[in-house]
Amino acid sequence: LVRSGDALAGINADFFSGRNGIGHSIGISIDNGEVISSAAKENNSKDTMASLLLDENNKVYFEYIKNNISIYSPETGGTMEVSSINKYTDNANILSIYTNKFGDTSIAADGYTTTEMIVENDKVVEIRNSNGRATIPSNGYVVMGTNQAGGFLWNNFKVGSKVKLNIELIPNIEKIKFAISGGAKLVENGEIPLEFTHSINGRNPRTAIGTNKANDKVYLITVDGRTSSSIGMTMEEFGNYVKKYRDE
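Residues numbered from 1 in each chain as written. Predicted model: local features only at pLDDT ≥ 70, side-chain atom pairs only at ≥ 80, totals over all residues. Heavy atoms only, no water.

*Asks:* How do you make sense of the sheet that holds strand E3 (residues 29-31) when you look at a structure like this?
*Replies:* Pairing between the strands of a sheet is mediated by backbone hydrogen bonds and can be parallel or antiparallel. Read across the sheet, five strands follow the order E4-E3-E14-E5-E6 without closing on themselves; strand pairing throughout is antiparallel. Both outer strands of the open sheet, strand E4 (34-37) and strand E6 (60-63), are each paired with one neighbouring strand and no more. Across this sheet, the average inter-strand angle for adjacent strands is 30 degrees, counted without regard to direction. Both E3 and E4 contribute to a ladder of three bridges, which runs antiparallel. Note on E4: the bridge partner recorded for aspartate 31 is glutamate 34. (Pairing = 2+ DSSP bridges. Helix = DSSP H or I, 4+ residues; strand = E, 2+ residues; numbered from the N terminus. Axes fitted to C-alpha atoms, helices over the stretch in contact; angles between N-to-C directions.)

Printed below as a string of structure tokens:
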């Protein structure tokens, strides 16, 4: 991956989930201003998974990002929340969107029929009931849902209908060109939190990314673990370790 991206260096990032051989990153991912994966659903109830964001001026932010995504029909005025972009879901009562960054096709439903709406160039080209795996157009996406969510698609769209997809991130940081997620913030305002928002206990391999206080240096820090030569660190130990780079 590092070589293919012509990068200077690379580290691991985010946490992953999924089933049936289909996985996704838990947190948000943005590349060249395009949302590749929506923010962690855990953040909708409370701050859990922090993200690094880079705007077009190369200013770095560390935030707990929440989604505000919806699909809207200019024809009927109907609107409905979209739960996720490019993530596996076992709850088709909510709308999910899949772009070609997810793969060539949408996911297959687990034993039930879903409604799939294929959108190309912001217009509906097909609506169907199926068990999934619609081909995703290169200049569009597939919207999937069942029950109430599927009914919304049938009631508000038909072939040829215009579709408006609204994607907003909270907090609203304009013109983000890159974003990647991780777990908790290890250090905030120069201090280690009394309680981490996301915790993996014990001594383990660790990865962190951060900036110095002047926000003119970015540090990529990894610690090996679970080996005879390196047992890893606790989150508190790792927080104290990375904290020293803040004043450099």
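*Asks:* What's the story with the pairing of E6 in this structure? I'm lost.
*Replies:* Where strand E5 (residues 51-55) and E6 come together, four bridges link them in antiparallel fashion. Pairing of leucine 54 across the sheet is with valine 60, part of E6. Where E5 hands over to E6, the hairpin turn is made up of four residues, of which asparagine 58 adopts a positive phi near 65 degrees.

*Asks:* It is not clear to me how the environment of serine 199 should be interpreted in this structure. Could you clarify?
*Replies:* Position of serine 199 among the secondary structure elements: in the loop between strand E14 (176-181) and strand E15 (206-211). On the accessibility criterion, serine 199 (41% relative accessible area) is partly exposed. Residues serine 199 and threonine 48, spaced 151 residues apart in sequence, show a C-alpha to C-alpha distance of 9.3 Å. Within the structure, serine 199 has its side chain in polar contact with the side chain of asparagine 201 (distance 3.0 Å). (Buried < 20%, exposed > 50% of the residue type's maximum accessible area, 1.4 Å probe, protein only. Polar contact = N/O pair within 3.5 Å; in protein donor to acceptor, adjacent residues only side chain to side chain.)

*Asks:* I tried to follow the pattern of salt bridges on my own but got confused; where do I start?
*Replies:* Two side chains carrying opposite charge are able to pair once their charged atoms lie near each other. Within this structure, the stated rule accounts for seven salt bridges. The closest approach of N and O atoms between lysine 175 and glutamate 56, which form a salt bridge, is 3.7 Å. Taken as a pair, lysine 175 in the loop between strand E13 (164-170) and E14 and glutamate 56 in the loop between E5 and E6 lie far apart in primary sequence, 119 residues in all. Ionic pairing is found between lysine 185 and glutamate 188, a salt bridge with its closest N-O pair at 3.2 Å. Judged by its relative accessible area of 14%, lysine 185 is buried. Judged by its relative accessible area of 36%, glutamate 188 is partly exposed. (Salt bridge = Lys/Arg side-chain N within 4 Å of Asp/Glu carboxyl O.)

*Asks:* Please explain the pairing of strand E10 (residues 114-120) as it appears in this structure.
*Replies:* The two faces of the sheet receive side chains in turn, since in a regular strand these alternate between them. Of all seven residues making up E10, six are buried, and the element is well covered by its neighbours. In this sheet, strand E11 (residues 123-130) lies alongside E10 in antiparallel orientation, the contact comprising seven bridges. Considered in E11, the bridge of threonine 115 is made with asparagine 129. Hairpin geometry of E10 and E11 is characterised by an intervening segment of two residues between the two adjacent antiparallel strands and by a positive phi of about 55 degrees at asparagine 121. Pairing between E10 and strand E12 (residues 140-145): six bridges, direction antiparallel. Note on E12: the bridge partner recorded for glutamate 116 is methionine 144.

*Asks:* In this structure, what is going on with the side chain of serine 96? I would like to understand it.
*Replies:* One can find serine 96 in strand E9 (residues 95-98). Accessibility expressed as a relative area gives 1% for serine 96, which makes it buried.

*Asks:* For this particular structure, what's the right way to read the sheet that holds E11?
*Replies:* In space, the seven strands of this open sheet follow the order E11-E10-E12-E9-E8-E7-E13, with mixed pairing throughout. The strands lining the two open edges of the sheet, one partner per strand, are E11 and E13. Put simply, the sheet's adjacent strands are angled 30 degrees from each other on average, direction ignored. Pairing geometry for E9 and E12, over three bridges, is antiparallel. Considered in E12, the bridge of serine 96 is made with methionine 144.

*Asks:* I tried to follow the side chain of serine 106 on my own but got confused; where do I start?
*Replies:* Positionally, serine 106 belongs in the loop between E9 and E10. On the accessibility criterion, serine 106 (1% relative accessible area) is buried. A distance of 2.6 Å separates the side chain of serine 106 from the side chain of glutamate 116, its partner in a polar contact. There is a polar contact of 3.1 Å between the side chain of serine 106 and the backbone nitrogen of arginine 133. When near neighbours in sequence (up to four residues on either side) are disregarded, serine 106 contacts Tyr98, Glu116, Gly132, Arg133, Ala134, Ile136 and Val142. (Contact = heavy atoms within 4.5 Å.)

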